[in-house]
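# Per-entry structural report
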Amino acid sequence: MQQDTQTMRNNDGLFAVGSPVTHWSVQTSNPVQYEIRACENLLDPENSTILEDASGSSGQRRFIVTDGVVDSLYGDRVRAYFDHHGVEHRVLVLNDGETHKSMNAVLQVTEALDAFGIDRRREPVIAIGGGVLMDIVGFAASLYRRSTPFIRIPTTLIGLVDAGVGAKTGVNHNGHKNRLGTYFPADRTLLDRSFLATLDARHISNGLAEILKIALIKDARLFDLLEQHGADLLRNKLQSPADVGPTPADVPVDQRLAARGLHLDPATEVVERAIQGMLEELQPNLWEKVLERVVDYGHTFSPTIEMHALPALLHGEAVAVDMALTTVMAERRGLVSSYQRDRVLEVMARLGLPVWHPLCTPEVLGDALRDTVRHRDGKQRLPLPVGIGSALFVNDVTDGELAAAAESLAALGSGVSR
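Residues numbered from 1 in each chain as written. Predicted model: local features only at pLDDT ≥ 70, side-chain atom pairs only at ≥ 80, totals over all residues. Heavy atoms only, no water.

Looking up the protein chain in an unreviewed UniProt entry gives the name 2-epi-5-epi-valiolone synthase, with the organism given as Streptomyces heliomycini. As stated in UniProt under Cofactor (unreviewed entry), the record for the protein chain gives "NAD(+)". Here the protein chain is described in UniProt, under the heading Catalytic activity (unreviewed entry), as follows: "D-sedoheptulose 7-phosphate = 2-epi-5-epi-valiolone + phosphate". (UniProt positions renumbered as here; feature names shortened; annotations may be inferred.)

### So, the UniProt feature "transmembrane region" (unreviewed entry) in the protein chain
In the numbering used here, UniProt assigns the "transmembrane region" (unreviewed entry) feature to residues 125-144. In residues 125-144, the share of helix is 65% and the share of strand is 25%. The end C-alpha atoms are 11 Å apart. (Helix = DSSP H or I, 4+ residues; strand = E, 2+ residues; numbered from the N terminus.)

### Some details on the packing of aromatic side chains
Per the stated rule, a full pass over the model turns up five aromatic pairs. Aromatic pair Tyr74 and Phe195: ring centres 4.9 Å apart, planes at 80°, arrangement edge-to-face. One end of the pair, Tyr74, is in helix H1 (residues 68-84); the other, Phe195, is in the loop between strand E11 (188-191) and helix H5 (201-218), with 121 residues separating them in the sequence. Residue class for Phe195 comes out buried when judged on its relative accessible area of 4%. Plain terms: the ring middles of Phe150 and Phe184 are 6.0 Å apart, the flat faces sit at 10° to each other, and that makes the pair stacked. You can see Phe150 sitting in strand E8 (residues 150-154) and its partner Phe184 sitting in the loop between strand E10 (176-180) and E11, a full 34 residues away along the chain. Across the pair, Phe184 and Phe150 agree in class, each one buried. Above the face of the Phe116 ring, Arg61 is positioned so that its terminal group lies 4.0 Å from the ring centre. (Phe/Tyr/Trp six-rings, centres within 6.5 Å; stacked < 30°, edge-to-face > 60°. Buried < 20%, exposed > 50% of the residue type's maximum accessible area, 1.4 Å probe, protein only. Lys NZ or Arg CZ within 6 Å of the ring centre and 35° of its normal.)

Put into C-alpha cells, the structure is as follows:
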C-alpha cells in the first residue's frame, strides 16, 4: 500500500506524518517568569515577604536549607521568624564552601525533603545562603519530583548580584566546576543587603569581582563608580546610608537613577547597575542557546584555576585573575590601551582582588582553554574587553599568546598591591 506522505496537523504544535504514521513531531514552549525583589529586614517577624506566594497557596509548612556559617549567624532568627508566623518548618544545615558543592549535598537535600514530606507545589523550598548553597538547593529542587518550586535568599554579595539572579544550578563533579547542573530559576529571589554586614572583607571582594565583570564588558559608568568608591564600598560592605530610603521596584532602573540623581548612594547604584546589566544579558538567552555570552567574561580560565587552587581561591578571586589575564591579552592585541589596562588592575587591587596567581602557567591555561572549547561547542568564543565597557569575541588564541600574556601579567602583578 502506498504511503501518504502528507503531513497531518492534529492540533497546535503536534504533527503526525504519513499514513500509516511514520513519525510525530512535537513543538511546545515553556514560558519562564521569575521575580527578583529588593527587600529590607527580611527576618523581621513583622515582615511576611518570605511567606508570600504568588500562586495563592495556603500551605503553612516550609523546608529551609542553609549552611553552617549562616546558621550560626542567623539560625535563631530564622527559626523565630517561622515560629512567629505559626509555620511548621524544618531547617537543614549543610556544610559550607566550594569543596562541599557536590552531588552528595544534592542527595542530602532530596532525602531530607522526603523525610519532611514536602508538598510538591504548595510548599516552596527556601534556600538561605551564598552562591554555593543556592546552586545546590536549586539543583535539588529541579530534580525532586522533576521540579519543586524554591525561593532564594542570598546572604553573600556574589549570591546577590550573580548566583541569585540567573537560572543556572549546579555542583562540581569529577574535578570540574559545575559539571552537573540544570536550568531552573527560583520562583523568587529576595535581596536584602543587610545580610552583607556580617561578611568579612574577603567575601565582599569576592562579589565585587562579578560586579567588575559587568562594568568591564558593558557599563563604563559602573567601572567609574568602582574606581571612585571601591575602597568605601569594600569598607562599608555596600550598606546604604540610613537616610536613603527604598525606591519603588516597578520603576525601571535607568529612570530610578535619573530621578534620584545625586540622592542615590553609590552602594545602591552599584548593586542596581550590576543586577540590571546581568539580567539584560541573561533574559534573551536564558537557556544559553547562543554560546557567545559577554557574561562569560572572566569565566574561561577561572573554572580550572579555581578547582586546582581549592580551597585557596574563592570564585570571584579566580574570576579576577581570569579578567586580569584577558585584559593583558586585550592590551597586547591593541583592544585596550596600556592606560586602561593599568586602571583595571588598580581597581582590582583597590577592591581587594588578586591580579595574578601561580597557577597561571601555560600548561594550566592551555588545559583550561581546551576544556572551555568543549563547553562552547568547538569554538573558543572568548570574550575580550574593548576599552572599558565593551567586548568582542575571538576564536584564535594560541598557546604562545597565552604564555606571553601570563608572563606579562606576572610582571605587572608584582607591581600592583592589594
